[in-house]
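Given next are the chains, with one letter for each unit.
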Amino acid sequence: MDIEIFSDIACPWCYLGKRRLEQALDRYDGDVTVRWRPYQLDPSAPSEPTPLQPALAAKFGGLDRVREMNARLTEMGAAAGLDYRFEDAQHVNTRPAHRLAWYAGREGRGNEVAEGLFSAYFTEGRNVADPGVLLEVGVAAGLDRDALAAFLASDDGVAEVDAELDEARELGITGVPTFVFAGKYAVSGAQEADTLLEVLDEVRRRESATSVLTTIGGDATTDKDACTDDSCAI
């Protein structure tokens, strides 16, 4: 089964959704291929990093509100083994990170690079628009240093990433994470591992679909635990 994950490196729910999907896949007995697809919650984010918390405060009604939101996510992340450190995170444009993820997907290291980028952003407080940081993340994920350095110094992948970003909008995706199973069934939000396992089993049972993207389930697969264009745009 192919699974496409539309996500943004700056989306904390996407990091949580990744971990929960991994927990579901640990209990799933089928073969799965995961492909990471780019989405930008804030395409206008600066190319030079600034502290995340003040940027969120300006958008969501002050630091107290932001700290309340982040405290909830920190607790949920810890339960899944994630170490969110929002006070260290840097607000920066994620397009360069998506380009690295695109390259890693071609090289068969997409999942490893996605993990490295999320950790760099949310745990290590690193600038994921910095070519040096991207090189280190990629090499740590198993990519060849010289080949990756040459890629980062070129314009390769720029047009392809931009086309995929446009495609996400054309598909009607407005919140991430969005998981697309078998190219047909869409589930939005950082669903619990049990829910994702049920989706995996249901998709396997289905033989056909009536539309390109079919939302599975009802209230159990809403986007309440997702970043949208109007929320969580970090």
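Please refer to the structure higher up on the page.
These numbers come from a predicted model, not from an experiment. (Residues numbered from 1 in each chain as written. Predicted model: local features only at pLDDT ≥ 70, side-chain atom pairs only at ≥ 80, totals over all residues. Heavy atoms only, no water.)

### Regarding the side chain of K18
Tracing the backbone shows K18 in helix α1 (residues 12-25). Polar contacts involving the side chain of K18 include one to the side chain of E115, which spans 2.7 Å. Ignoring any residue separated from it by four or fewer positions in sequence, one finds K18 in contact with W36, N111, A114, E115 and F118. (Helix = DSSP H or I, 4+ residues; strand = E, 2+ residues; numbered from the N terminus. Polar contact = N/O pair within 3.5 Å; in protein donor to acceptor, adjacent residues only side chain to side chain. Contact = heavy atoms within 4.5 Å.)

### Section: helix α6 (residues 131-140)
Looking at α6, one finds that the buried residues are V133, L134, L135, V137 and G138. The elements touched by buried residues of α6 are α4 (95-106), α5 (110-122) and α7 (145-152). Two to three positions downstream of the cap, the backbone nitrogen of G132 sits 2.6 Å from a side-chain oxygen, assigning the N-cap of α6 to D130. A positive phi of about 105° marks G142, the residue just after α6. (Buried < 20%, exposed > 50% of the residue type's maximum accessible area, 1.4 Å probe, protein only.)

### Brief notes about the pairing of strand β2 (residues 33-38)
Regular strands show a simple pattern: their side chains alternate between the two faces of the sheet. Sheet topology places strand β1 (residues 2-7) next to β2; six bridges connect them, and they run parallel. Looking at β2, one finds that D2 is bridged to T33. (Pairing = 2+ DSSP bridges.)

### Examining the packing of α6 against α7
It is at 10 Å that the axes of α6 and α7 come closest, and there the two elements cross at 145°. Handedness of the crossing formed by α6 with α7: right-handed. On the side of α6, the interface is formed by P131, L134, L135, G138 and V139, while α7 contributes R145, L148, A149 and L152. For the contact of α6 with α7, the class distribution of residues is seven nonpolar, one polar and one charged. (Axes fitted to C-alpha atoms, helices over the stretch in contact; angles between N-to-C directions. Left-handed = near helix turned anticlockwise from the far one by under 90°. Nonpolar A, V, L, I, M, F, W, Y, C, P; charged D, E, K, R; others polar.)

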